[in-house]
Every structure is written in structure tokens, then in C-alpha cells.
Amino acid sequence: QVQLVESGGGLVQPGGSLRLSCAASGSIFRINTMGWYRQAPGKERELVADITSDGSTNYADSVKGRFTISRDNAKNTVYLQMDSLKPEDTAVYYCNLHYNLFGARKNFWGQGTQVTVPS
């Protein structure tokens, strides 16, 4: 089993910055993808950004140029640096880790952390 613990959410004014962290522990398959999803009230959960264990990144169009994802494989930790925050970034942000094993996707989620950018 894998446990994900997030930190770093909070309230920030438009144009401000926040850094989210997510530490993974447990039985972690070495080749994996870690990432961040978010869910705003009344909306579906959406991918924000993810990063593979070899460093390949993927971003939602809405955050490109403003958010940066990174990871420390030695610490099994993923980070999301969020700059130039906008009210539309307000959501619960969830950490995700997934990998494929014998053709089956293993998917793990954190408990979520609230990010609020008032309008």
C-alpha cells in the first residue's frame, strides 16, 4: 500500500504564490508517475500537472507558464510551485501516484489540500 501526505495549501491573494508538497511512503514501485489534480466546487477532478520518475512533465493548458512540477526521487516527494495564482485556481488539490504493474494500473490519492485565491 502507498500513503500520500500533502502539505502547503492555504489562502493567497491573486498574483501570489504557493508551493505544495506531497510525500509518498509505503510499497512504491520505482517506475511511477506522480502528479497533482484539482477539483473545484461543482466541477470534475482535473489533471493539473504530472511528472514521471525519469522527469518527463505534463501540464494542463490553464497552468502552463505559471505552475512548475518537480520531484525528489530519493525522498519520494513531488512538489508543485504555483505562481501568478488566479481566482480560478481555487480548488482542492490532490496528490496522485500511479504505476502500471502486470498490465494493471495502480492508483493512489492523497487526502487533498485546499487552495483558495479570492476574487
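Just above sits the structure.
Residues numbered from 1 in each chain as written. Predicted model: local features only at pLDDT ≥ 70, side-chain atom pairs only at ≥ 80, totals over all residues. Heavy atoms only, no water.

A. Representation of the side chain of Thr-77. Mapped onto the elements of the fold, Thr-77 is located in strand 8 (residues 77–82). What makes Thr-77 buried here is its relative accessible area of 8%. Side-chain polar atoms of Thr-77 contact the backbone oxygen of Lys-75, separated by 2.9 Å. With residues near it in sequence (within four places) discarded, Thr-77 still touches Cys-22, Ala-23, Ser-70, Arg-71 and Asp-72. (Helix = DSSP H or I, 4+ residues; strand = E, 2+ residues; numbered from the N terminus. Buried < 20%, exposed > 50% of the residue type's maximum accessible area, 1.4 Å probe, protein only. Polar contact = N/O pair within 3.5 Å; in protein donor to acceptor, adjacent residues only side chain to side chain. Contact = heavy atoms within 4.5 Å.)

B. Expanded view of the environment of Tyr-94. Secondary-structure assignment places Tyr-94 in strand 9 (residues 91–101). Separated by 84 residues in the primary sequence, Tyr-94 and Gly-10 have C-alpha atoms spaced 14 Å apart.

C. Broad picture of the pattern of salt bridges. All told, the structure shown has 4 salt bridges when counted by the stated rule. Note that Arg-38 and Glu-46 form a salt bridge whose closest N and O atoms lie 2.8 Å from each other. In this structure Arg-38 comes out as buried when scored by relative accessible area, which is 6%. Asp-61 serves as the salt-bridge partner of Lys-64, at 3.1 Å between the closest nitrogen and oxygen. Each of the salt bridges in this network shares a partner with another, and the network as a whole consists of Arg-38, Glu-46, Arg-66 and Asp-89. (Salt bridge = Lys/Arg side-chain N within 4 Å of Asp/Glu carboxyl O.)

D. Examining unusual backbone geometry more closely. At Asn-76, a position not held by glycine, the phi torsion is positive, near 50°. For Asn-76, the location among the structural elements is in the loop between strand 7 (67–72) and strand 8. Phi at Ser-84 takes a positive value of approximately 50°, unusual for a residue other than glycine.

E. Quick peek at the sheet that holds strand 7. Read across the open sheet, the 4 strands follow the order 1-3-8-7; overall the sheet is antiparallel. Two strands bound the open sheet, and with one partner strand each, they are strand 1 (2–7) and strand 7. Across this sheet, the average inter-strand angle for adjacent strands is 15°, counted without regard to direction. Of the pairings in the sheet, the one linking strand 7 to strand 8 comprises 6 bridges and is antiparallel in character. Following the sheet pairing, Asp-72 is matched in strand 8 by Thr-77. (Pairing = 2+ DSSP bridges. Axes fitted to C-alpha atoms, helices over the stretch in contact; angles between N-to-C directions.)

F. Seen up close, the pairing of strand 5 (residues 46–52). Relative to strand 5, strand 4 (residues 33–39) runs antiparallel, the two sharing 6 bridges. Bridging across to strand 5, Tyr-37 finds its partner in Leu-47. Hairpin connection from strand 4 to strand 5: 6 residues lie between these consecutive antiparallel strands, with Gly-42 at a positive phi of about 80°. Relative to strand 6 (residues 57–59), strand 5 runs antiparallel, the two being bridged by 3 bridges.

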